[in-house]
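# What the coordinates show
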Amino acid sequence: MELDPEDVFKDEEDDSDSEFYQQRESSKEFVVYLVDASPKMFSTTCPGEDQKDETHFHMVVSCIVESLKTQIINRSYDEVAICFFNTREKRNLQDLNGVFVYNVAEREYLDRPTARLIKDFDSIEESFLKEIGSQYGIVSGSRENSLYNALWVAQALLRKGSAKTADKRILLFTNEDDPFGSMQGAAKTDMTRTTLQRARDAQDLGISIELLPLSRRDEEFKISLFYAELIGLEGDELSQFMPSAGQKMEDMKDQLRKCMFTKRIVRKITFSITSGMSIELNTYALIRPTTPGAITWLNSVTNRPLKTERSFICADTGALIHESPKLAHAYKNENIMFSVDELSEIKRISTGQLRLLGFKPLSCLKDYHNLRPPTFVFPSDKELIGSTSIFIALHRSMLRLKRFAVAFQGGSSHARLVALVAQDEIVTGGGQVEPPGMHMIYLPYCDDIRDIDEEFPSESNAGVAHASDDQIKKAAALIKRVDLKDFSVCQFSNPALQRHYAVLQALALEEDEMPECKDETLPDEAGMARPGVVKAIEEIKLAVYGDKYDEENVKVNETTKKRKAAAENAKDESANYDWASLADKGQLKDLTVAELKLYLTANKLPVTGKKEVLISRILTHMEK
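With that out of the way, let us pick up the overall build of the chain. Counting its regular elements, the chain contains 21 helices and 20 strands. Taken over 624 residues, the chain has a buried fraction of 36%. Partitioning the contacts of the chain with sequence separation of at least 6, the portion at a separation of at least 24 is 68%. Only carbon and sulfur atoms are counted for the fraction: they give 51% of the accessible area of the chain, which is about 39100 Å².

Here it is, written out as structure tokens:
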């Protein structure tokens, strides 16, 4: 198997960067939605999206459905399970009372979300009370503990996979802040202890438990009664925990979205500070453009995903080659053989992934040095003990001295100098806004920076117009009027992607109507119509064009000038061709469409149509 030199020795664009756009299987999540189905969830109501009262159970189902729709697009290889507790019927592998694991056909309990799961679960409320039923699983005088059973079932569902290759989480929905409130004495103490111990056992196995509480209309969810200890909240964390999911459905959807799409580690790198001293860093992609998911080929009959297999065939005999192919490169009439390890070593630029070179003042770092979105780095002590302590000392010194670190990023990726800029923690009354850490900024080489040549008056640009001080002042006033306060790129979604996903959703769920997509990039007509903005626009128009400016006539004149200029250019370029000779020899078909349009434009003929139509039009005009 010969190697293409352009492919072997090509300048790769940083392996880690490609991982930002296509997450690896090793970073997937296993999530169990644990939903309280007690009668209180059906009797307690709160205002919904259309201001009508909706039960807490309906709100939870709606939020989970929206979460699954988003997840099936963004993180299709994550696996989920839906589990109800405080139910009349039971369905779980442990055969425990009061716990019902919801699922659909052709799907395991913990598996990737499917269109059928979303469609059936969206209408579960209609048949839930009849087929599954709701009842209190924790009552005085009974030894049944449905919450304990639910945590046990959820933990068993999450046994799949390793904690090193997957994040495992339980999302608990309930509006009961004291599940053992109806009990007293030793029975209550014993049930509380055993339930908390079950939660700790799950956490010891790498399973995190997150609570999404629902507050009642006139009573706030008191997390300190029981759930604070279950999920491990204490001190400042307990005081900052705000159950924002209790009032509006949109708030709860936002909170669930934050729980589902947490910041994930893109890759782990080793940071060499000095000879013999290295620390471990985790890298995070804070902002990256969203792209459509990868195409999956399906069987036209069964609609099941196809598995792609590649086989090598001998060019001489036509037989299948079962041995692993050997890589070779031709050099002086001889094939030089390469092993996979040798090829990897050839591509390797540096033995270390990140190596410290020195420090420079922050004033040396310019805005235009930022080539692409930076990467956020944070220390980890999982493999290299003491990484966090060294990182904190380095971080504090850089902040105090106002320096940034210059490092070399190499390894098996494209060599690049990077700047590590320390960021201090920002905390407000609502909690942490910005975490402490460092931003890894990819620095350009000299050739990456293009100097803008300053224009000096000359014969070629003597007629170039320059803005006057008054025009600049009026333009600045207009920009100030339309400036967006607290602007963030995260405030606007891509309308093309939203429509793409809406079409996929309508097809997958067999919906009669396509979900409405709001284009948030369209101009704010109401905002542009404000008196202050209108006045600023009129002032800049007056300053630039004068009081005798006629917008319609200017548009017509500009269009006419462009057409004349295009016709003149086409006429000049058309003169380089011997059109008569090309037509006689039948060589017009060898020309490109752009070249054929030169003749048509020069002779003021229509330029629309396919290539055959253009050739026929030229021959007709030439009377051939």
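So, on to the packing of aromatic side chains. For the structure on display, the rule yields 14 aromatic pairs. Relative to F121, the ring of F84 has its centre 6.2 Å away and its plane inclined at 25 degrees; by these criteria the two rings are stacked. Note that F84 is positioned in strand β4 (residues 79-85) and F121 in helix α5 (residues 115-122), a separation of 37 residues in sequence. The same class applies to F84 as to F121, namely buried.

It is worth spelling out a positive patch on the surface at this point. A contiguous patch of positive charge on the surface is contributed by K480, R481, K485, R530 and K535. In this structure, R530 sits in the loop between α16 (525-528) and α17 (531-545).

The next point concerns the confidence of the model for the chain. Averaged over all residues, the pLDDT of the chain equals 80, while 83% of them reach at least 70. Element-level pLDDT for the chain is lowest in helix α2 (residues 15-21), with a mean of 41, against a maximum mean of 94 in strand β5 (residues 99-102). Ignoring residues within four places in sequence, the model shows residues 1-26, a span with pLDDT below 50, making 56 contacts including any to other chains. In the predicted structure, residues 243-249 sits below a pLDDT of 50 and forms 24 contacts with residues beyond four places in sequence or in another chain.

If you check the backbone angles, N86 has positive phi at about 65 degrees while not being a glycine. Assessed through its relative accessible area of 7%, N86 is described here as buried. With a phi angle near 55 degrees, K332 is a residue other than glycine that sits in the positive phi range. Structurally, K332 is set in the loop between β12 (327-331) and β13 (334-338). Given the relative accessible area of 69%, K332 is considered exposed.

Scanning the model with the defined rule gives 15 salt bridges in all. For the salt bridge of D448 with R416, the shortest nitrogen-to-oxygen distance reads 3.5 Å. Linking D448 in the loop between β20 (437-442) and α14 (469-481) with R416 in strand β17 (residues 416-423), this pair joins segments that are 32 residues apart in sequence. On the basis of relative accessibility, which here comes to 38%, the residue D448 falls in the partly exposed class. Judged by its relative accessible area of 8%, R416 is buried. A single salt-bridge network, built from bridges that share partners, covers E29, R169 and E210.

Within the largest apolar cluster, 38 residues are counted, with the highest numbers of intra-cluster contacts made by L34, I223, Y227 and L230. Breaking this core down by element, the ones donating at least two residues are β1 (28-36), β4, β5, α7 (146-157), β6 (166-174), α8 (185-204), β7 (207-213) and α9 (227-231).

Of note, I479 is situated in helix α14. Taking C-alpha positions, I479 is 9.0 Å from A536, a pair spaced 57 residues apart along the chain.

A few words now on a nonpolar patch on the surface. On the surface, L286, I287, L484, F487, V489 and F492 cluster together to form a nonpolar patch covering roughly 550 Å² of accessible area. Its location among the elements puts I287 in the loop between β9 (277-284) and β10 (312-313).

Attention now goes to the pairing of β20. The buried count for β20 comes to six of six residues, which makes it a mostly enclosed element. Taking every second residue as pointing to the same face, both faces of β20 are buried, with G437, H439 and I441 on one and M438, M440 and Y442 on the other. Two strands pair when backbone bridges link them, and strand β15 (residues 375-379) and β20 are joined in this way by three bridges, in the antiparallel orientation. The partner of V377 across the bridge, within β20, is M438. Two elements, β17 and β20, share six bridges in a ladder whose sense is antiparallel. Bridging from a neighbouring strand, V421 pairs with H439 of β20.

Moving on, we come to the packing of α7 against α8. Two numbers describe how α7 lies on α8: the axes approach to 9 Å, and their chain directions differ by 15 degrees. By the angle between their directions, the pair α7 and α8 is classed as roughly parallel. In the packing of α7 onto α8, the handedness of the crossing is left-handed. Contacts between α7 and α8 involve L147, Y148, L151, W152 and Q155 on the former and, on the latter, T194, T195, R198, A199, D201 and A202. Tallied by class, residues from the contact of α7 with α8 come to six nonpolar, three polar and two charged.

Before going further, it helps to examine the sheet that holds β20. Around the barrel, seven strands lie side by side as β8-β9-β15-β20-β17-β16-β14; this closed barrel has mixed pairing. Averaged over all pairs of adjacent strands, the angle between strand axes in this sheet comes to 40 degrees, irrespective of strand direction.

Orientation of helix α20 (residues 593-602) relative to helix α21 (residues 611-621), taken along the N-to-C sense of each, is 30 degrees, at an axis distance of 10 Å. Between α20 and α21, the angle is such that the two are roughly parallel. In terms of crossing hand, the pair formed by α20 and α21 is left-handed. Residues V593, L596, K597, Y599 and L600 of α20 touch α21, and the partners they reach there are K611, L614, I615, R617, I618 and H621. Considered class by class, the residues forming the contact of α20 with α21 number seven nonpolar, one polar and three charged.

Moving on: α5. Three or more residues of α5 are buried, namely L117, I118 and F121. Across the axial projection of α5, the buried residues extend over an arc of 95 degrees, all falling on one side.

Glancing now at the environment of N282. As for its position among the elements, N282 is in strand β9. On the basis of relative accessible area, N282 is assigned to the buried category, the value being 6%. Contact partners of N282, with chain neighbours within four places excluded, come to I265, R267, K268, F376, V377, F378 and S380.

Positionally, K40 belongs in helix α3 (residues 39-43). A distance of 2.5 Å separates polar atoms of two side chains, one belonging to K40 and the other to E176. Those residues in contact with K40, other than ones at most four positions away along the chain, are Y136, N175, E176 and R216.

So, about α17. A rise of 1.5 Å per residue sets the reference length of α17, with its 15 residues, at 21 Å; its end C-alpha atoms lie 21 Å apart and thus fit the reference within 8%. Of the residues making up α17, those classed as buried are V533, A536 and I540. Viewed end-on, α17 has its buried residues packed into an arc of 65 degrees, placing them on one side of the element. The outward face of α17, more than 90 degrees from its buried face, is lined by the exposed residues P531 and K535. Its buried side turned inward, α17 meets α14 and α16. A positive phi of about 90 degrees marks G546, the residue just after α17.

Parameters at a glance
- Residues numbered from 1 in each chain as written.
- Predicted model: local features only at pLDDT ≥ 70, side-chain atom pairs only at ≥ 80, totals over all residues.
- Heavy atoms only, no water.
- Helix = DSSP H or I, 4+ residues; strand = E, 2+ residues; numbered from the N terminus.
- Buried < 20%, exposed > 50% of the residue type's maximum accessible area, 1.4 Å probe, protein only.
- Contact = heavy atoms within 4.5 Å.
- Areas by Shrake-Rupley, 256 points an atom, 1.4 Å probe, with all protein chains shown as cover.
- Phe/Tyr/Trp six-rings, centres within 6.5 Å; stacked < 30°, edge-to-face > 60°.
- Patch = residues over 30% accessible without salt bridge, like charges linked within 9 Å, V, L, I, M, F, W, Y side chains within 5 Å.
- Salt bridge = Lys/Arg side-chain N within 4 Å of Asp/Glu carboxyl O.
- Lys, Arg positive; Asp, Glu negative; His and termini not counted.
- Charge placed at Lys NZ, Arg CZ, Asp CG, Glu CD.
- pLDDT = per-residue confidence, 0-100.
- Core = buried A, V, L, I, M, F, W, Y, C linked by side-chain atoms within 4.5 Å.
- Pairing = 2+ DSSP bridges.
- Axes fitted to C-alpha atoms, helices over the stretch in contact; angles between N-to-C directions.
- Parallel < 35°, antiparallel > 145°, perpendicular 65-115°, else oblique.
- Left-handed = near helix turned anticlockwise from the far one by under 90°.
- Nonpolar A, V, L, I, M, F, W, Y, C, P; charged D, E, K, R; others polar.
- Arc of directions from axis to C-beta.
- Polar contact = N/O pair within 3.5 Å; in protein donor to acceptor, adjacent residues only side chain to side chain.
- Expected span 1.5 Å × (residues − 1).

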